[in-house]
Every structure is written in structure tokens, then in C-alpha cells.
Amino acid sequence: MLHINGSCHCGYITYSAEVDPEAVTVCHCIDCQVMTGTAFRTTVPATRDNFKLLSGEPAVYIKKTAESGNPRAQAFCPKCGTPIYATSPTDPQVYGLRTGTAMQRSQLAPRKQIWVRSALSWIMGLATMANKAQKQT
């Protein structure tokens, strides 16, 4: 387990959690693409007992039916809009923390990808583009 701490962009919401870095996932579902404004979302799960909000109160948007078929509560900072986590809207047991909000994000490398059938066609070519860019610098 890895202890992480994080915050939203403006610092209103802060949290701490114990997470398994082997459980980091990239999700390519349409909901994650739209809600991040980009090609995918990266998350790490934290159980209810291992996640603590330290400051702030997130706003919550409930997506009635996610691509998984389940309702999802999406929590974000009401001041700056930073997504913080997703969970079940009733009796949350696990929080899908947005890895970009964690100070230890460099230690949270994705281990698996889900909803790959929704992945944008160009996404798998990013590694090739990065290698070309490195050679040019």
C-alpha cells in the first residue's frame, strides 16, 4: 500500500488515502472522455476506510446510468471544477480517485486499461510520437 495525499487545483479540497499502486487503471469509456475533456481518465481505488477528506466539501453530480450500467456519483471541487473521485451514490465502499490530483501521481503508473473498445483511434500511437519527440530534443 502507498500513502497518498492530494488536492484540487485551487486547494479547497484536500485528501489522504492508502492505495494499491498495482490497481491504477486507465478508462477509455465515453463518459470518462467527456468528463475529463480528453481521451481517457486514470484512477486508483481507495476503500472507504482508507480515504479521508481533509478539507472542503465536493460537489457531486450523479450520472444516472454510466456505461457500466451503474449509477455513479462524480465528486469535484465546487470552486475550480477539478474532478476528485467517483463512487456509488448510495453507501460508497470504494472511491475511484483521480490520479492527477495526487501529489504522488508519478508513482501511480497505470497497470491496466478498460473500455478499450471506446478508445480513440490515435491513442495507441502516442508512444511512437513521444519517442520521435525525444529524439528531436
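Before reading on, note that the structure itself is shown above.
Heads up: these notes are all about the structure in this document. Bear in mind the structure is a predicted one, so any value in this text is a computation, not a measurement.

Thresholds applied
- Residues numbered from 1 in each chain as written.
- Predicted model: local features only at pLDDT ≥ 70, side-chain atom pairs only at ≥ 80, totals over all residues.
- Heavy atoms only, no water.
- Helix = DSSP H or I, 4+ residues; strand = E, 2+ residues; numbered from the N terminus.
- Buried < 20%, exposed > 50% of the residue type's maximum accessible area, 1.4 Å probe, protein only.
- Contact = heavy atoms within 4.5 Å.
- Areas by Shrake-Rupley, 256 points an atom, 1.4 Å probe, with all protein chains shown as cover.
- Pairing = 2+ DSSP bridges.
- Phe/Tyr/Trp six-rings, centres within 6.5 Å; stacked < 30°, edge-to-face > 60°.
- Lys NZ or Arg CZ within 6 Å of the ring centre and 35° of its normal.

A word on the overall build of the protein
Thought 1: The helix and strand tally for the protein stands at 2 helices and 10 strands.
Thought 2: Its helices and strands taken in sequence order, the protein reads β-β-β-α-β-β-β-β-β-β-β-α from the N to the C terminus.
Thought 3: Evaluated residue by residue, the protein yields a buried proportion of 36% over its 137 residues.
Thought 4: The long-range fraction of contacts in the protein, counting pairs at least 24 apart against all pairs at least 6 apart in sequence, stands at 58%.
Thought 5: Accessible surface computed for the protein: about 8000 Å², of which carbon and sulfur atoms make up 54%.

A short note on the pairing of strand β7 (residues 72-76)
Thought 1: Pairing analysis gives 5 bridges linking strand β6 (residues 59-63) to β7, with the strands arranged antiparallel. Looking at the pairing, Lys-63 lines up with Arg-72 of β7.
Thought 2: As paired elements, β7 and strand β8 (residues 83-87) share 4 bridges and run antiparallel to each other. Along β8, the bridge assignment pairs Ala-73 with Thr-87.
Thought 3: Turn length for the β7-β8 hairpin, with the two strands adjacent in sequence and antiparallel, is 6 residues, and the turn residue Gly-81 shows positive phi of about 85°.

Looking at unusual backbone geometry
Thought 1: With a phi close to 50°, Asp-91 is a non-glycine residue in the positive phi region.
Thought 2: Its place among the elements puts Asp-91 in the loop between β8 and β9 (94-98).
Thought 3: Of note in the backbone geometry, Trp-115 takes a positive phi value of approximately 55° without being a glycine.
Thought 4: Tracing the backbone through its elements, the reader meets Trp-115 in the loop between β10 (112-114) and α2 (126-136).

A few points about the pairing of strand β4 (residues 41-47)
Along any regular strand the residues' side chains alternate between the sheet's two faces.
Thought 1: Among the 7 residues of β4, 5 are classified as buried, and the element is accordingly described as predominantly covered.
Thought 2: Across 5 bridges, β4 lies against β9 in antiparallel orientation. Across the sheet, residue Val-44 finds its bridge partner in β9, namely Leu-97.

Some remarks on the packing of aromatic side chains
Thought 1: One pass over the structure, following the stated rule, counts 4 aromatic pairs.
Thought 2: Look at Tyr-15 and Phe-51: their rings are 5.8 Å apart centre to centre, the planes differ by 50°, and that puts the pair in the tilted class. With Tyr-15 in strand β2 (residues 14-19) and Phe-51 in strand β5 (residues 51-55), this pair connects stretches of sequence that are 36 residues apart. Exposure class is identical for Tyr-15 and Phe-51. Each is buried.
Thought 3: The rings of Tyr-15, Phe-51, Tyr-85 and Tyr-95 are connected pair by pair, giving a single aromatic cluster.
Thought 4: Sitting over the ring of Tyr-12, Lys-79 keeps its end group 4.9 Å from the ring centre.

Comments concerning the environment of Ser-118
Thought 1: With respect to the helices, strands and loops of the structure, Ser-118 is situated in the loop between β10 and α2.
Thought 2: Overall, the relative accessible area of 13% leaves Ser-118 in the buried class.
Thought 3: Residues Ser-118 and His-28, 90 residues apart in the sequence, show an inter-C-alpha distance of 5.7 Å.

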